[in-house]
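# Structural overview
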Amino acid sequence: MKDTADDTTSSMFPAGRTALIVRMPEAEPAVRDWRDRIDPAARAGAGVPAHVSVLYPFLPESLIDASVHAGIAAALSPHHAFDLRFERTGRFPGMLYLAPEPDAPLRRLTRAITERWPDIRPYGGRYPDPAPHLTVAQRAREADLDAAEADLRDRLPLAARVRTVDLVAYDGTAWQERASFTLREPGE
């Protein structure tokens, strides 16, 4: 029998859903426990690492082929690796996140992909100007958000280097990396 966390995770993401993300392994030590406790996407073995979304959702996995990989690579090819800092938390209703600074390089990555695939809008177009963020908790009680936020204040700032954009897909059980696209280092 599946536990409720598995049911929640499965209902959040249909099999075949994909995303383009920037993994933030530097943030894992600070956010992992909170994400495991109060982020349904992180718990239950869903395999969602600490990340900032470049484009979610992306194309259905059944439509992704070599030409899509080439299009992603071409859209990202002008972009250089860059540094981020996470110095503060932020909130959306029922959600706690870390705010990346500066967020302009992340917005440029999203814009590059959406210019290549103009029919795909971040978060399905639900938000006119979605802010880049690293989700710590979602669908959580305010008391849990308050506790996580208080704890994270003592763990910030965090620094990270963005070198790749990863294509990930949900297979019905967990998110799996399908491809990784390297950003150029300055001077290349």
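Computed from a prediction, not measured in an experiment: that's the story for all the values here. (Residues numbered from 1 in each chain as written. Predicted model: local features only at pLDDT ≥ 70, side-chain atom pairs only at ≥ 80, totals over all residues. Heavy atoms only, no water.)

### Quick notes on the sheet that holds strand β6 (residues 158–162)
On the basis of which strands lie adjacent, the open sheet formed by four strands has the order β5-β4-β3-β6 and antiparallel pairing. One side of each edge strand has no neighbouring strand; the edge strands of this open sheet are β5 (134–138) and β6. Here the average twist between neighbouring strands, direction ignored, is 30°. The sheet strands contacting helix α2 (residues 28–38) are β4 (95–101), β5 and β6, and the helix crosses β5 at an angle near 35°. (Pairing = 2+ DSSP bridges. Helix = DSSP H or I, 4+ residues; strand = E, 2+ residues; numbered from the N terminus. Axes fitted to C-alpha atoms, helices over the stretch in contact; angles between N-to-C directions. Contact = heavy atoms within 4.5 Å.)

### Quick look at the packing of helix α3 (residues 66–76) against helix α4 (residues 104–116)
The geometry of α3 relative to α4 is characterised by a closest axis approach of 9 Å and an angle of 135° between their N-to-C directions. One element, α3, and the other, α4, form an angle in the oblique class. Helix-helix and strand crossings are classified by hand; for α3 and α4 the assignment is right-handed. Across from Gly 71, Ile 72, Ala 75 and Leu 76 in α3, the residues of α4 making contact are Leu 109, Ala 112, Ile 113 and Arg 116. Looking at the contact of α3 with α4, its residues break down into six nonpolar, one polar and one charged. (Parallel < 35°, antiparallel > 145°, perpendicular 65-115°, else oblique. Left-handed = near helix turned anticlockwise from the far one by under 90°. Nonpolar A, V, L, I, M, F, W, Y, C, P; charged D, E, K, R; others polar.)

### Concerning the sheet that holds strand β1 (residues 18–23)
For sheets, the rule is that strands pair by backbone hydrogen bonds, running either parallel or antiparallel. Taken together, the four strands give an open sheet; going across it, the order is β2-β1-β7-β8, and neighbouring strands pair in antiparallel fashion. Edge positions in the open sheet fall to β2 (51–55) and β8 (175–182), since each of these has one partner strand only. Averaged over all pairs of adjacent strands, the angle between strand axes in this sheet comes to 35°, irrespective of strand direction. With seven bridges joining them, strand β7 (residues 164–170) and β8 adopt antiparallel strand pairing.

### Overview of the side chain of Thr 110
Tracing the sequence through the fold places Thr 110 in helix α4. On the basis of relative accessible area, Thr 110 is assigned to the buried category, the value being 14%. A polar contact of 2.6 Å, which involves the side chain of Thr 110, links it to the backbone oxygen of Val 54. Other than its neighbours up to four places away in sequence, Thr 110 contacts Ser 53, Val 54 and Pro 122. (Buried < 20%, exposed > 50% of the residue type's maximum accessible area, 1.4 Å probe, protein only. Polar contact = N/O pair within 3.5 Å; in protein donor to acceptor, adjacent residues only side chain to side chain.)

### Quick word on the packing of aromatic side chains
Applying the stated rule across the entire model yields nine aromatic pairs. Between Phe 13 and Trp 175 the ring centres are 5.1 Å apart and the planes differ by 80°, which places this aromatic pair in the edge-to-face class. With Phe 13 in the loop between α1 (4–12) and β1 and Trp 175 in strand β8, this residue pair connects regions lying 162 residues apart in the sequence. Exposure remark for Phe 13: the relative accessible area of 8% places this residue in the buried category. Measuring from ring centre to ring centre gives 6.2 Å for Tyr 56 and Tyr 123, while their planes differ by 55°; the resulting arrangement is tilted. Placement of the pair is Tyr 56 in the loop between β2 and α3 and Tyr 123 in the loop between α4 and β5, with a sequence separation of 67 residues. For Tyr 56, a relative accessible area of 15% puts it in the buried group. Ring-pair connections join several aromatic residues into one group, and the members of that group are Phe 13, Tyr 56, Tyr 123, Tyr 127, Tyr 170 and Trp 175. (Phe/Tyr/Trp six-rings, centres within 6.5 Å; stacked < 30°, edge-to-face > 60°.)

### Points about the layout of surface pockets
When its volume is computed, the largest pocket comes out at roughly 780 Å³. Around the largest pocket sit 33 residues that line it, and Met 95, Tyr 123, His 133, Thr 135 and Gln 138 are the ones nearest its centre. When residues of the lining of the largest pocket are traced back to their parent elements, those giving at least two are β1, β2 and β5. The residue inventory of the lining of the largest pocket, partitioned by class, reads 21 nonpolar, six polar and six charged. Estimated volume of the second largest pocket: approximately 330 Å³. (1 Å grid on protein atoms, 1.4 Å probe; cavity = no way out; pocket = protein on both sides within 12 Å on 5 of 7 lines; lining within 4 Å. Points joined across faces, edges and corners; volume = space filled by probe spheres on them.)

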